[in-house]
Amino acid sequence: MDNIPVRQHRTLTINILRHNPADGDSQPRLQAFEVDETDAMTLFIALNVIREEQDPTLTFDFVCRAGICGSCGMIINGRPGLACRTLTRDLPDEFTLLPLPGFELIADLSVNTGKWMRGMAERLETWVHASDLAGVDLDQMEQPMDPHLAEQIYELERCIECGCCIAACGTAQMRDDFVGAVGLNQVTRFRLDPRDQRDDSDFYQLVGDDSGVFGCMTLLGCEDMCPKDLPLATQIAFLRRRMVAV
Ligand code: SF4
Ligand code: SF4
Ligand code: FES
């Protein structure tokens, strides 16, 4: 009878950046933790093992554990990614976790993506601009939308605002005011929406400079790192063509 190979469980060494900016005595440092790997272990599970069994002060963010909420983005061995969707079996015996750059550090692996995303949304006015919204009658049937167009909008709506595209973006690391692929994706989403009455001149006012679509160096780190596989390169190229034509 053939021998069935037995999978050897490893002891992982996880080097984690520790720093609490609110503590004046805190100095950024890497701290190594050892964790016994289990079957189908994700980084979410590994970090919880560390917090429950070794260091309750370890700070990191999770909500959904299913790649939906966007709160668990971090630099996983040099690449931005979602910790809840990353299996330890895809990582070497020893690896490093860092917080996402480009965002305010709260502590350890926790960054304030919400504050950044809110600022971006307010700046780009990422809501439907329609003059007749005040007169909407909620008892009326909803306005139909072409299914193909609705599908295109839905595709862009899949962004979970995790911040991985900002962490992967050279321009975003150099310019605090760059709206990033996540912001440009939002503009293309509202530009598609037939209920939004803004035209390309209005969108040019929002992204027609180096903090918007003309600051993008098209190196495509954003699309490579997007955990939702959004077509960011296509959207940015399309938006640039439209803005050049204004
Ligand atoms: S575009 Fe992709 S990488 Fe960027 S915030 Fe949205 S889901 Fe995350
Ligand atoms: S393609 Fe543009 S938005 Fe995407 S990572 Fe490069 S510079 Fe940033
Ligand atoms: S915990 Fe929600 S995306 Fe990872």
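Above this text sits the structure in question.
Figured I'd write up the structure that's included with this text. Just so it is clear, the model here is predicted, and its values are computed rather than measured. (Residues numbered from 1 in each chain as written. Chains lettered and ligands numbered in written order. Predicted model: local features only at pLDDT ≥ 70, side-chain atom pairs only at ≥ 80, totals over all residues. Heavy atoms only, no water.)

Focus: the site of ligand 2
Thought 1: Taken together, the residues surrounding ligand 2 are Cys169, Thr171, Phe178, Ala181, Cys216, Met217, Thr218, Leu219, Leu220, Gly221, Cys222 and Ile236.
Thought 2: Of the residues in the shell around ligand 2, the class split is 9 nonpolar, 3 polar and no charged. (Near = heavy atom within 4 Å. Nonpolar A, V, L, I, M, F, W, Y, C, P; charged D, E, K, R; others polar.)

Concerning the sheet that holds strand β5 (residues 94-98)
Thought 1: Within the open sheet, the 5 strands sit side by side as β2-β1-β5-β3-β4. Their pairing is mixed. A strand with exactly one partner marks an edge of an open sheet, and here the two such strands are β2 (29-36) and β4 (79-82). Across this sheet, the average inter-strand angle for adjacent strands is 35°, counted without regard to direction. (Pairing = 2+ DSSP bridges. Helix = DSSP H or I, 4+ residues; strand = E, 2+ residues; numbered from the N terminus. Axes fitted to C-alpha atoms, helices over the stretch in contact; angles between N-to-C directions.)

What to know about the site of ligand 1
Thought 1: What surrounds ligand 1 is a group of 13 residues, the closest being Cys159, Cys162, Gly163, Cys165 and Cys226.
Thought 2: A breakdown of the residues in the shell around ligand 1 according to their chemical character gives 10 nonpolar, 1 polar and 2 charged.

What to know about the packing of helix α3 (residues 147-157) against helix α6 (residues 180-192)
Thought 1: As a packed pair, α3 and α6 sit with axes 9 Å apart at the nearest point and diverge in direction by 160°. Comparing the axis directions of α3 and α6 gives the class roughly antiparallel. As for how α3 packs across α6, the hand of that crossing is left-handed. Counting all contacts with α3, which are made through Leu149, Gln152, Ile153, Leu156 and Glu157, the residues of α6 involved are Asn185, Thr188, Arg189 and Leu192.
Thought 2: Split by residue class, the contact of α3 with α6 holds 4 nonpolar, 3 polar and 2 charged. (Parallel < 35°, antiparallel > 145°, perpendicular 65-115°, else oblique. Left-handed = near helix turned anticlockwise from the far one by under 90°. Contact = heavy atoms within 4.5 Å.)

Structural notes on α3
Thought 1: Of the residues making up α3, those classed as buried are Leu149, Ile153 and Leu156. For α3, the angular spread of buried residues about the axis comes to 60°, placing them on one side. Residues of α3 that are exposed and point over 90 degrees away from its buried face: Pro147, His148, Glu151 and Tyr154.
Thought 2: In the core, the buried residues of α3 are packed alongside α6 and α9 (232-244). (Buried < 20%, exposed > 50% of the residue type's maximum accessible area, 1.4 Å probe, protein only. Arc of directions from axis to C-beta.)

Comments concerning the pairing of β4
Thought 1: The sheet contact formed by strand β3 (residues 73-76) and β4 spans 4 bridges and is antiparallel. Within β4, the residue paired with Ile75 across the bridge is Pro80.

Re the packing of aromatic side chains
Thought 1: Summed over the entire model, instances satisfying the criterion amount to 3 aromatic pairs.
Thought 2: Ring centres of Phe44 and Phe62 lie 4.7 Å apart, and the angle between their planes is 70°; on these two criteria the pair is classed as edge-to-face. A residue pair is termed long-range when its members are at least 10 positions apart, and Phe44 in helix α1 (residues 43-53) and Phe62 in the loop between α1 and β3 qualify at 18 residues.
Thought 3: For Phe44, a relative accessible area of 15% gives the class buried.
Thought 4: For the pair Phe103 and Trp116, a centre-to-centre distance of 5.7 Å together with 75° between the ring planes defines the contact as edge-to-face. With Phe103 in the loop between β5 and β6 (105-107) and Trp116 in helix α2 (residues 113-124), the pair connects residues that are 13 residues apart, well separated along the chain. Accessibility classification places Phe103 together with Trp116 in one group, the buried group.
Thought 5: Ring pairing ties together the aromatic residues Phe44, Phe60 and Phe62, which thus form one cluster.
Thought 6: Here the basic side chain of Arg189 rests over the ring of Phe190, its NZ or CZ set 4.2 Å away from the ring centre. (Phe/Tyr/Trp six-rings, centres within 6.5 Å; stacked < 30°, edge-to-face > 60°. Lys NZ or Arg CZ within 6 Å of the ring centre and 35° of its normal.)

A look at a nonpolar patch on the surface
Thought 1: On the surface, Met174, Met217 and Leu219 cluster together into a nonpolar patch covering about 370 Å² of accessible area.
Thought 2: With respect to the helices, strands and loops of the structure, Met217 is situated in the loop between α7 (200-207) and α8 (221-225).
Thought 3: By relative accessible area, which is 41% here, Met217 ends up partly exposed. (Patch = residues over 30% accessible without salt bridge, like charges linked within 9 Å, V, L, I, M, F, W, Y side chains within 5 Å. Areas by Shrake-Rupley, 256 points an atom, 1.4 Å probe, with all protein chains shown as cover. Salt bridge = Lys/Arg side-chain N within 4 Å of Asp/Glu carboxyl O.)

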